[in-house]
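Listed here are the chains, written in short residue letters.
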Amino acid sequence: MKPAPFDYLRPATVADALAALAAGGDDARLIAGGQSLMPMLNMRLVTPRTLIDLSALPELRRVEVADGWLTVGAAVTQNELLARPTLATEAPLLAAALPWVGHFQTRNRGTVGGSVAHADPSAEIPLCLVALEGEVVLRSARKRRTVPASGFFIGPLTTARAADEIVEAVRFRLRKPGAAYGFREMGMRHGDFAITALAATVEADRIRLSVGGVADRPTARDWPRLEGAALDEALNAFAWDLGGDDDQHATATYRRTLVRRLGRAVIEDAQTELTP
Amino acid sequence: MTALAAGTRHPVTITLNGQPRTGHAHPRTLLSDFLRHELGAHSTRVGCEHGVCGACTVRIDGVAQRACLTLAVQVDGRRVDTVEGLAREGRMTALQDAFHRHHALQCGFCTAGILMSLADWLVRVPKPTEAELRDMLSGHLCRCTGYAAIVRAVMDVTGQTTESVHV
Ligand code: FES
Ligand code: FES
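Reading the values: the criteria
- Residues numbered from 1 in each chain as written.
- Chains lettered and ligands numbered in written order.
- Predicted model: local features only at pLDDT ≥ 70, side-chain atom pairs only at ≥ 80, totals over all residues.
- Heavy atoms only, no water.
- Helix = DSSP H or I, 4+ residues; strand = E, 2+ residues; numbered from the N terminus.
- Buried < 20%, exposed > 50% of the residue type's maximum accessible area, 1.4 Å probe, protein only.
- Contact = heavy atoms within 4.5 Å.
- Areas by Shrake-Rupley, 256 points an atom, 1.4 Å probe, with all protein chains shown as cover.
- Lys, Arg positive; Asp, Glu negative; His and termini not counted.
- Charge placed at Lys NZ, Arg CZ, Asp CG, Glu CD.
- Buried area = accessible area lost by both parts, 1.4 Å probe.
- Salt bridge = Lys/Arg side-chain N within 4 Å of Asp/Glu carboxyl O.
- Nonpolar A, V, L, I, M, F, W, Y, C, P; charged D, E, K, R; others polar.
- Pairing = 2+ DSSP bridges.

- Going by the annotation in an unreviewed UniProt entry, the name recorded for chain B is (2Fe-2S)-binding protein, with Azospirillum oleiclasticum given as the source organism.

- Per an unreviewed UniProt entry, chain A carries the name Carbon monoxide dehydrogenase and comes from Azospirillum oleiclasticum.

Printed below as a string of C-alpha coordinates:
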(Lines give C-alpha, C1' and ligand atoms only; values in the text may rest on other atoms or scores of the structure.)
(Ligands and ions follow the chains in the order given, each with its own letter.)
Protein backbone atom coordinates (compact mmCIF):
# COMPACT_ATOMS: atom_id res chain seq x y z
CA MET A 1 0.00 0.00 0.00
CA LYS A 2 2.57 2.54 -1.12
CA PRO A 3 2.05 4.95 -4.01
CA ALA A 4 3.82 4.28 -7.29
CA PRO A 5 6.60 6.84 -7.97
CA PHE A 6 5.65 10.31 -9.16
CA ASP A 7 7.28 13.70 -9.55
CA TYR A 8 6.06 16.22 -7.00
CA LEU A 9 5.40 19.86 -7.87
CA ARG A 10 4.49 22.54 -5.39
CA PRO A 11 3.69 25.70 -7.34
CA ALA A 12 3.78 29.06 -5.59
CA THR A 13 0.93 30.56 -7.61
CA VAL A 14 -2.22 29.36 -9.35
CA ALA A 15 -0.71 30.50 -12.65
CA ASP A 16 2.27 28.18 -12.07
CA ALA A 17 -0.07 25.35 -11.14
CA LEU A 18 -2.04 25.84 -14.36
CA ALA A 19 1.13 25.88 -16.45
CA ALA A 20 2.28 22.65 -14.77
CA LEU A 21 -1.12 21.08 -15.33
CA ALA A 22 -1.15 22.05 -19.01
CA ALA A 23 2.36 20.60 -19.40
CA GLY A 24 1.54 17.43 -17.46
CA GLY A 25 -1.54 16.54 -19.48
CA ASP A 26 -3.38 13.36 -18.58
CA ASP A 27 -0.44 12.06 -16.54
CA ALA A 28 -0.73 14.86 -13.95
CA ARG A 29 -3.04 14.82 -10.93
CA LEU A 30 -3.95 17.71 -8.65
CA ILE A 31 -3.85 17.20 -4.90
CA ALA A 32 -5.34 19.50 -2.28
CA GLY A 33 -6.09 17.81 1.07
CA GLY A 34 -5.65 14.37 -0.44
CA GLN A 35 -8.20 12.66 1.79
CA SER A 36 -9.69 10.89 -1.22
CA LEU A 37 -6.69 10.93 -3.57
CA MET A 38 -4.06 9.68 -1.10
CA PRO A 39 -5.92 6.41 -0.40
CA MET A 40 -6.31 5.98 -4.17
CA LEU A 41 -2.56 6.60 -4.62
CA ASN A 42 -1.70 4.22 -1.77
CA MET A 43 -3.87 1.52 -3.33
CA ARG A 44 -2.44 2.36 -6.75
CA LEU A 45 -5.88 2.92 -8.17
CA VAL A 46 -4.29 6.01 -9.69
CA THR A 47 -0.66 6.20 -10.78
CA PRO A 48 0.03 9.72 -12.02
CA ARG A 49 3.43 10.65 -13.36
CA THR A 50 3.20 14.09 -11.73
CA LEU A 51 1.45 15.27 -8.59
CA ILE A 52 0.70 19.00 -8.38
CA ASP A 53 0.11 20.16 -4.82
CA LEU A 54 -2.46 22.96 -4.47
CA SER A 55 -2.78 22.76 -0.70
CA ALA A 56 -0.43 25.59 0.16
CA LEU A 57 -1.56 28.16 -2.42
CA PRO A 58 -2.62 31.33 -0.58
CA GLU A 59 -4.86 32.32 -3.51
CA LEU A 60 -6.99 29.24 -2.92
CA ARG A 61 -7.32 29.68 0.84
CA ARG A 62 -9.77 32.59 0.98
CA VAL A 63 -13.41 32.61 2.10
CA GLU A 64 -15.51 35.57 0.96
CA VAL A 65 -19.09 36.71 1.34
CA ALA A 66 -20.41 39.01 -1.38
CA ASP A 67 -23.42 39.49 -3.66
CA GLY A 68 -25.44 36.71 -2.11
CA TRP A 69 -22.64 34.14 -2.37
CA LEU A 70 -20.39 32.37 0.07
CA THR A 71 -17.25 31.77 -1.99
CA VAL A 72 -14.86 29.17 -0.61
CA GLY A 73 -11.37 28.87 -2.06
CA ALA A 74 -10.57 25.36 -3.21
CA ALA A 75 -7.86 24.69 -0.61
CA VAL A 76 -9.90 25.76 2.44
CA THR A 77 -10.24 22.73 4.68
CA GLN A 78 -13.60 21.36 5.74
CA ASN A 79 -12.87 22.07 9.41
CA GLU A 80 -11.70 25.61 8.65
CA LEU A 81 -15.05 26.32 7.01
CA LEU A 82 -16.92 24.59 9.83
CA ALA A 83 -15.07 26.71 12.39
CA ARG A 84 -16.20 29.93 10.70
CA PRO A 85 -18.23 31.67 13.43
CA THR A 86 -20.79 33.08 10.98
CA LEU A 87 -21.34 29.88 8.99
CA ALA A 88 -24.61 28.93 10.71
CA THR A 89 -26.19 32.24 9.68
CA GLU A 90 -24.58 32.39 6.23
CA ALA A 91 -25.22 28.80 5.19
CA PRO A 92 -27.08 26.80 7.83
CA LEU A 93 -27.20 23.75 5.57
CA LEU A 94 -23.40 23.62 5.38
CA ALA A 95 -23.14 24.06 9.13
CA ALA A 96 -25.46 21.06 9.54
CA ALA A 97 -23.83 18.87 6.89
CA LEU A 98 -20.09 19.47 7.37
CA PRO A 99 -19.87 17.52 10.65
CA TRP A 100 -20.96 14.47 8.61
CA VAL A 101 -18.01 14.78 6.21
CA GLY A 102 -15.51 12.06 7.14
CA HIS A 103 -14.07 12.39 10.62
CA PHE A 104 -12.57 15.23 12.67
CA GLN A 105 -9.09 14.09 11.65
CA THR A 106 -9.82 13.91 7.90
CA ARG A 107 -11.77 17.22 7.91
CA ASN A 108 -8.60 18.83 9.26
CA ARG A 109 -6.90 18.12 5.95
CA GLY A 110 -9.70 17.45 3.47
CA THR A 111 -10.76 20.47 1.46
CA VAL A 112 -14.11 21.80 0.27
CA GLY A 113 -12.87 22.16 -3.30
CA GLY A 114 -11.28 18.71 -3.29
CA SER A 115 -14.51 17.04 -2.28
CA VAL A 116 -16.35 18.82 -5.07
CA ALA A 117 -13.68 17.97 -7.65
CA HIS A 118 -13.64 14.32 -6.50
CA ALA A 119 -17.44 14.10 -6.99
CA ASP A 120 -18.26 11.00 -4.99
CA PRO A 121 -22.03 10.52 -5.49
CA SER A 122 -22.57 10.05 -1.75
CA ALA A 123 -20.44 12.99 -0.57
CA GLU A 124 -22.08 15.71 1.53
CA ILE A 125 -20.38 18.81 0.11
CA PRO A 126 -21.40 18.16 -3.52
CA LEU A 127 -24.90 17.51 -2.20
CA CYS A 128 -24.95 20.88 -0.41
CA LEU A 129 -23.65 22.57 -3.55
CA VAL A 130 -26.55 21.17 -5.57
CA ALA A 131 -29.04 21.90 -2.79
CA LEU A 132 -27.93 25.52 -2.51
CA GLU A 133 -27.87 25.99 -6.30
CA GLY A 134 -24.18 26.74 -6.15
CA GLU A 135 -21.47 27.13 -8.73
CA VAL A 136 -17.96 25.88 -9.36
CA VAL A 137 -15.32 28.35 -10.54
CA LEU A 138 -12.94 26.65 -12.95
CA ARG A 139 -9.72 28.15 -14.20
CA SER A 140 -7.30 27.12 -16.90
CA ALA A 141 -4.30 28.90 -18.38
CA ARG A 142 -6.70 30.12 -21.09
CA LYS A 143 -9.73 31.32 -19.17
CA ARG A 144 -11.92 31.26 -16.09
CA ARG A 145 -15.48 29.93 -16.28
CA THR A 146 -18.29 29.26 -13.85
CA VAL A 147 -20.38 26.10 -14.04
CA PRO A 148 -23.63 25.66 -12.09
CA ALA A 149 -23.59 22.68 -9.71
CA SER A 150 -26.41 21.06 -11.69
CA GLY A 151 -24.13 20.86 -14.73
CA PHE A 152 -20.86 20.19 -12.92
CA PHE A 153 -21.56 16.70 -11.58
CA ILE A 154 -21.83 14.26 -14.46
CA GLY A 155 -21.47 10.86 -12.78
CA PRO A 156 -19.42 8.97 -10.20
CA LEU A 157 -16.05 10.75 -9.89
CA THR A 158 -16.84 12.52 -13.16
CA THR A 159 -17.33 16.26 -13.56
CA ALA A 160 -17.40 18.99 -16.19
CA ARG A 161 -13.85 20.01 -15.25
CA ALA A 162 -11.54 19.81 -18.28
CA ALA A 163 -8.11 18.21 -17.95
CA ASP A 164 -6.34 21.58 -17.98
CA GLU A 165 -8.64 23.22 -15.41
CA ILE A 166 -8.46 23.47 -11.65
CA VAL A 167 -11.37 24.05 -9.30
CA GLU A 168 -10.47 27.52 -8.08
CA ALA A 169 -13.42 28.11 -5.78
CA VAL A 170 -16.81 26.76 -4.87
CA ARG A 171 -19.73 29.15 -4.42
CA PHE A 172 -22.74 28.47 -2.22
CA ARG A 173 -25.80 30.68 -2.18
CA LEU A 174 -26.19 32.47 1.14
CA ARG A 175 -29.21 31.69 3.30
CA LYS A 176 -32.30 33.18 1.73
CA PRO A 177 -34.56 35.25 3.95
CA GLY A 178 -37.65 33.21 4.72
CA ALA A 179 -36.02 29.88 3.89
CA ALA A 180 -35.30 27.00 6.26
CA TYR A 181 -33.01 24.03 5.77
CA GLY A 182 -32.73 20.45 6.92
CA PHE A 183 -30.08 17.75 6.63
CA ARG A 184 -30.26 14.03 7.35
CA GLU A 185 -27.96 11.14 6.61
CA MET A 186 -27.95 7.38 6.97
CA GLY A 187 -24.61 5.58 7.12
CA MET A 188 -23.23 2.48 8.76
CA ARG A 189 -21.39 4.62 11.33
CA HIS A 190 -21.09 8.36 11.72
CA GLY A 191 -18.24 9.42 9.43
CA ASP A 192 -18.62 6.52 7.02
CA PHE A 193 -19.78 7.08 3.47
CA ALA A 194 -23.45 7.98 3.35
CA ILE A 195 -25.81 5.28 2.14
CA THR A 196 -28.19 8.15 1.51
CA ALA A 197 -27.87 11.83 2.45
CA LEU A 198 -30.68 14.35 2.06
CA ALA A 199 -30.91 18.14 2.15
CA ALA A 200 -34.19 20.07 2.21
CA THR A 201 -34.87 23.73 1.55
CA VAL A 202 -38.35 24.97 2.42
CA GLU A 203 -39.56 28.42 1.43
CA ALA A 204 -43.00 30.06 1.51
CA ASP A 205 -44.00 28.55 -1.83
CA ARG A 206 -41.39 25.90 -2.57
CA ILE A 207 -39.78 22.70 -1.38
CA ARG A 208 -36.42 21.60 -2.77
CA LEU A 209 -35.18 18.14 -1.86
CA SER A 210 -31.65 17.09 -2.80
CA VAL A 211 -30.42 13.52 -2.46
CA GLY A 212 -26.93 12.02 -2.48
CA GLY A 213 -25.90 8.37 -2.52
CA VAL A 214 -28.75 7.03 -4.66
CA ALA A 215 -28.33 8.27 -8.23
CA ASP A 216 -24.89 8.53 -9.85
CA ARG A 217 -24.65 12.18 -8.75
CA PRO A 218 -26.33 14.47 -6.20
CA THR A 219 -29.77 15.28 -7.58
CA ALA A 220 -32.41 17.87 -6.62
CA ARG A 221 -36.13 18.17 -7.23
CA ASP A 222 -38.38 21.18 -6.70
CA TRP A 223 -42.02 21.08 -5.70
CA PRO A 224 -44.63 23.54 -4.53
CA ARG A 225 -45.48 23.22 -0.83
CA LEU A 226 -46.91 19.70 -1.10
CA GLU A 227 -48.34 18.00 1.96
CA GLY A 228 -49.78 14.67 3.04
CA ALA A 229 -50.42 12.08 0.35
CA ALA A 230 -49.34 14.45 -2.42
CA LEU A 231 -45.91 14.76 -0.83
CA ASP A 232 -45.66 10.98 -0.37
CA GLU A 233 -46.50 10.49 -4.01
CA ALA A 234 -43.92 13.05 -5.11
CA LEU A 235 -41.28 11.42 -2.90
CA ASN A 236 -42.10 8.00 -4.32
CA ALA A 237 -41.80 9.24 -7.90
CA PHE A 238 -38.50 10.96 -7.05
CA ALA A 239 -37.17 7.78 -5.40
CA TRP A 240 -37.92 5.74 -8.54
CA ASP A 241 -36.37 8.38 -10.79
CA LEU A 242 -33.19 8.34 -8.68
CA GLY A 243 -32.99 4.59 -9.12
CA GLY A 244 -29.93 3.54 -7.20
CA ASP A 245 -27.82 0.40 -7.28
CA ASP A 246 -27.23 -2.53 -4.97
CA ASP A 247 -23.75 -2.49 -3.46
CA GLN A 248 -21.97 -3.90 -0.41
CA HIS A 249 -23.51 -1.21 1.82
CA ALA A 250 -27.19 -1.33 0.87
CA THR A 251 -29.69 -2.40 -1.74
CA ALA A 252 -31.31 -0.02 -4.19
CA THR A 253 -34.66 -0.83 -2.56
CA TYR A 254 -33.37 0.27 0.82
CA ARG A 255 -31.98 3.48 -0.67
CA ARG A 256 -35.35 4.31 -2.23
CA THR A 257 -37.05 3.60 1.09
CA LEU A 258 -34.68 6.07 2.73
CA VAL A 259 -35.59 8.69 0.13
CA ARG A 260 -39.29 8.26 0.94
CA ARG A 261 -38.91 8.11 4.73
CA LEU A 262 -36.01 10.46 5.40
CA GLY A 263 -37.16 12.73 2.56
CA ARG A 264 -40.35 13.39 4.45
CA ALA A 265 -38.50 13.72 7.76
CA VAL A 266 -35.95 16.21 6.47
CA ILE A 267 -38.64 18.32 4.82
CA GLU A 268 -40.55 18.32 8.11
CA ASP A 269 -37.36 19.33 9.95
CA ALA A 270 -37.07 22.39 7.72
CA GLN A 271 -40.79 23.15 7.92
CA THR A 272 -40.69 23.09 11.71
CA GLU A 273 -37.89 25.57 11.64
CA LEU A 274 -39.81 27.80 9.25
CA THR A 275 -43.02 27.85 11.31
CA PRO A 276 -42.16 26.62 14.78
CA MET B 1 7.96 26.28 -7.94
CA THR B 2 9.28 23.38 -5.91
CA ALA B 3 9.88 20.44 -8.26
CA LEU B 4 11.03 17.10 -6.82
CA ALA B 5 11.91 14.21 -9.13
CA ALA B 6 10.34 10.81 -8.49
CA GLY B 7 13.56 8.81 -8.40
CA THR B 8 15.53 11.01 -6.01
CA ARG B 9 15.51 11.17 -2.22
CA HIS B 10 15.07 14.78 -1.21
CA PRO B 11 16.04 16.38 2.10
CA VAL B 12 13.04 17.04 4.36
CA THR B 13 13.49 19.04 7.54
CA ILE B 14 10.79 19.14 10.18
CA THR B 15 10.53 20.26 13.77
CA LEU B 16 9.73 16.95 15.42
CA ASN B 17 8.46 17.40 18.97
CA GLY B 18 10.38 20.65 19.20
CA GLN B 19 13.65 19.35 17.74
CA PRO B 20 14.84 20.10 14.20
CA ARG B 21 15.26 16.80 12.34
CA THR B 22 16.30 16.15 8.76
CA GLY B 23 15.85 13.02 6.71
CA HIS B 24 15.48 12.10 3.06
CA ALA B 25 12.33 11.08 1.22
CA HIS B 26 11.17 10.20 -2.25
CA PRO B 27 8.15 12.27 -3.31
CA ARG B 28 5.96 9.19 -2.80
CA THR B 29 7.17 8.51 0.76
CA LEU B 30 4.33 8.77 3.26
CA LEU B 31 4.85 10.88 6.36
CA SER B 32 4.10 7.79 8.48
CA ASP B 33 6.98 5.88 6.86
CA PHE B 34 9.28 8.90 6.98
CA LEU B 35 8.73 9.25 10.73
CA ARG B 36 9.23 5.55 11.43
CA HIS B 37 11.92 4.47 9.00
CA GLU B 38 13.85 7.66 8.37
CA LEU B 39 13.65 9.45 11.71
CA GLY B 40 13.17 6.41 13.93
CA ALA B 41 10.09 7.87 15.60
CA HIS B 42 8.32 4.54 15.99
CA SER B 43 5.44 5.64 18.21
CA THR B 44 3.36 6.54 15.17
CA ARG B 45 1.60 3.34 14.16
CA VAL B 46 0.54 2.25 10.71
CA GLY B 47 -2.65 0.26 10.41
CA CYS B 48 -4.57 0.64 7.19
CA GLU B 49 -2.74 3.23 5.07
CA HIS B 50 -5.97 4.57 3.69
CA GLY B 51 -7.09 6.96 6.38
CA VAL B 52 -9.61 4.73 8.13
CA CYS B 53 -8.04 3.39 11.33
CA GLY B 54 -6.49 6.55 12.79
CA ALA B 55 -3.42 4.80 14.20
CA CYS B 56 -1.07 7.11 12.28
CA THR B 57 -2.63 10.38 13.48
CA VAL B 58 -0.05 13.09 14.26
CA ARG B 59 -0.25 16.85 14.67
CA ILE B 60 1.04 18.96 11.80
CA ASP B 61 1.41 22.59 12.86
CA GLY B 62 -0.78 21.63 15.79
CA VAL B 63 -3.61 20.13 13.73
CA ALA B 64 -4.40 16.39 14.03
CA GLN B 65 -4.07 14.68 10.65
CA ARG B 66 -3.44 11.28 9.12
CA ALA B 67 0.27 10.72 8.51
CA CYS B 68 -0.57 7.95 6.03
CA LEU B 69 -2.50 10.44 3.87
CA THR B 70 0.32 12.98 3.93
CA LEU B 71 3.53 12.95 1.92
CA ALA B 72 6.77 13.57 3.79
CA VAL B 73 7.72 16.25 1.24
CA GLN B 74 4.51 18.13 2.08
CA VAL B 75 5.62 18.78 5.66
CA ASP B 76 9.08 20.13 4.83
CA GLY B 77 9.65 23.11 7.10
CA ARG B 78 6.66 22.38 9.29
CA ARG B 79 6.12 21.29 12.89
CA VAL B 80 5.17 17.67 13.49
CA ASP B 81 4.23 16.37 16.91
CA THR B 82 3.95 12.70 17.78
CA VAL B 83 3.09 10.93 21.00
CA GLU B 84 6.79 10.85 21.96
CA GLY B 85 6.56 14.58 22.51
CA LEU B 86 3.67 14.55 24.97
CA ALA B 87 5.50 13.61 28.19
CA ARG B 88 7.74 16.29 29.68
CA GLU B 89 10.84 15.39 31.68
CA GLY B 90 9.69 11.81 32.00
CA ARG B 91 6.26 12.77 33.36
CA MET B 92 3.12 11.84 31.48
CA THR B 93 0.46 14.42 30.69
CA ALA B 94 -2.80 14.41 32.65
CA LEU B 95 -4.47 12.79 29.65
CA GLN B 96 -1.91 9.99 29.47
CA ASP B 97 -2.26 9.51 33.22
CA ALA B 98 -6.01 9.20 32.86
CA PHE B 99 -5.57 6.58 30.09
CA HIS B 100 -3.30 4.67 32.46
CA ARG B 101 -5.69 4.93 35.41
CA HIS B 102 -8.76 3.92 33.45
CA HIS B 103 -7.08 1.11 31.53
CA ALA B 104 -7.91 2.93 28.29
CA LEU B 105 -5.40 0.87 26.34
CA GLN B 106 -4.64 -2.79 26.08
CA CYS B 107 -2.34 -3.56 23.14
CA GLY B 108 -1.76 0.17 22.65
CA PHE B 109 -1.69 0.04 18.88
CA CYS B 110 -4.40 2.69 18.51
CA THR B 111 -3.34 4.77 21.50
CA ALA B 112 -0.73 7.08 20.00
CA GLY B 113 -3.15 8.21 17.31
CA ILE B 114 -6.00 8.73 19.74
CA LEU B 115 -3.80 10.77 22.08
CA MET B 116 -2.64 12.99 19.22
CA SER B 117 -6.23 13.59 18.08
CA LEU B 118 -7.20 14.46 21.64
CA ALA B 119 -4.20 16.75 22.07
CA ASP B 120 -5.62 18.90 19.26
CA TRP B 121 -9.34 18.37 19.84
CA LEU B 122 -9.45 19.07 23.59
CA VAL B 123 -7.93 22.49 22.93
CA ARG B 124 -10.91 23.26 20.68
CA VAL B 125 -13.52 21.42 22.78
CA PRO B 126 -12.24 21.58 26.37
CA LYS B 127 -15.47 20.24 27.95
CA PRO B 128 -16.91 17.80 25.43
CA THR B 129 -20.15 15.97 25.94
CA GLU B 130 -19.90 12.23 25.77
CA ALA B 131 -21.74 12.28 22.42
CA GLU B 132 -19.24 14.80 20.99
CA LEU B 133 -16.36 12.70 22.26
CA ARG B 134 -17.72 9.49 20.79
CA ASP B 135 -18.23 11.28 17.48
CA MET B 136 -14.58 12.43 17.49
CA LEU B 137 -13.42 8.91 18.45
CA SER B 138 -15.27 7.53 15.42
CA GLY B 139 -12.13 8.58 13.54
CA HIS B 140 -10.16 5.87 15.36
CA LEU B 141 -10.46 2.12 15.46
CA CYS B 142 -9.62 0.34 18.70
CA ARG B 143 -10.07 -3.43 18.66
CA CYS B 144 -9.28 -3.98 22.35
CA THR B 145 -11.02 -1.60 24.73
CA GLY B 146 -14.49 -1.25 23.26
CA TYR B 147 -13.88 2.52 23.72
CA ALA B 148 -15.63 2.58 27.10
CA ALA B 149 -12.46 3.06 29.09
CA ILE B 150 -11.21 5.67 26.62
CA VAL B 151 -14.42 7.64 27.07
CA ARG B 152 -14.10 7.34 30.86
CA ALA B 153 -10.50 8.55 30.79
CA VAL B 154 -11.31 11.63 28.71
CA MET B 155 -14.41 12.54 30.70
CA ASP B 156 -12.37 12.16 33.88
CA VAL B 157 -9.52 14.35 32.71
CA THR B 158 -11.97 17.06 31.56
CA GLY B 159 -13.58 17.01 35.00
CA GLN B 160 -16.77 15.30 33.95
CA THR B 161 -18.49 11.97 34.42
CA THR B 162 -19.67 9.53 31.80
CA GLU B 163 -23.37 9.20 31.13
CA SER B 164 -23.56 6.02 29.06
CA VAL B 165 -25.47 3.18 30.63
CA HIS B 166 -23.25 0.71 28.83
CA VAL B 167 -20.01 2.01 30.26
S1 FES C 1 -2.68 3.99 8.98
FE2 FES C 1 -3.34 6.01 8.69
S3 FES C 1 -5.42 5.93 9.16
FE4 FES C 1 -4.83 3.84 9.26
S1 FES D 1 -5.71 -0.78 22.70
FE2 FES D 1 -5.50 -2.34 21.20
S3 FES D 1 -6.37 -1.39 19.45
FE4 FES D 1 -6.80 0.02 21.00
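Past the structure itself, the notes keep going.
1. Some points on the overall build of chain A
- When you go through chain A residue by residue, the secondary structure sums to 11 helices and 14 strands.
- Taken along its principal axes, the extent of the C-alpha atoms in chain A is 60 × 45 × 30 Å.
- Residue burial in chain A is summarised as follows: out of 276 residues, 56% are buried.
- Put simply, of all contacts in chain A between residues at least 6 apart along the chain, 59% involve residues at least 24 apart.
- Of the roughly 11200 Å² of accessible surface on chain A, 52% is carried by carbon and sulfur atoms.
- Separation of charge centres in chain A, based on 32 positive and 33 negative side chains, amounts to 3 Å.

2. Remarks on the interface of chain B and chain A
- The interface of chain B with chain A comprises 36 residues on the first partner and 34 residues on the second.
- Taking both partners together, chain B and chain A bury about 3000 Å²; carbon and sulfur atoms supply 53% of that area.
- Counting the surface chain B buries against chain A, the share from its top three residues, B:Met1, B:Arg28 and B:Leu69, is 23%.
- At the surface where chain B touches chain A, the tally comes to 2 salt bridges.
- A salt bridge links A:Lys2 to B:Asp33; the nearest nitrogen and oxygen atoms lie 2.6 Å apart.
- Sorting the residues of the side of chain B that touches chain A by element identifies β1 (2-4), β4 (57-60), β5 (63-66), α3 (111-124) and α4 (130-137) of chain B as the ones contributing at least two each.
- In terms of residue class, the side of chain B that touches chain A is built from 18 nonpolar, 11 polar and 7 charged.
- Across 3 bridges, the pairing between strand β1 (residues 7-10) of chain A and β1(B) is antiparallel. By the bridge assignment for β1(B), A:Tyr8 is matched with B:Leu4.

3. Quick word on the pattern of salt bridges
Residues and elements named next belong to chain A.
- In the structure shown here, the tally under the stated rule is 29 salt bridges over all chains.
- The shortest N-O distance in the salt bridge between Glu168 and Arg144 comes to 2.7 Å. Placement of the pair is Glu168 in strand β10 (residues 166-173) and Arg144 in strand β7 (residues 144-148), with a sequence separation of 24 residues.
- Arg208 is the partner of Asp222 in a salt bridge, and the nearest nitrogen-oxygen pair spans 2.8 Å. With Asp222 in strand β14 (residues 219-223) and Arg208 in strand β13 (residues 206-212), the pair connects residues that are 14 residues apart, well separated along the chain.
- Members of the salt-bridge network, linked through shared partners, are Glu133, Lys176, Glu203, Arg206, Arg208 and Asp222.

4. Re unusual backbone geometry
- Here the phi dihedral of A:Arg44 falls at roughly 55 degrees; this positive angle occurs in a residue that is not glycine.
- Along the chain, A:Arg44 falls in the loop between α2 (37-42) and β3 (50-53).
- Accessibility expressed as a relative area gives 43% for A:Arg44, which makes it partly exposed.
- With phi around 70 degrees, B:Tyr147 is a residue other than glycine that occupies positive phi space.

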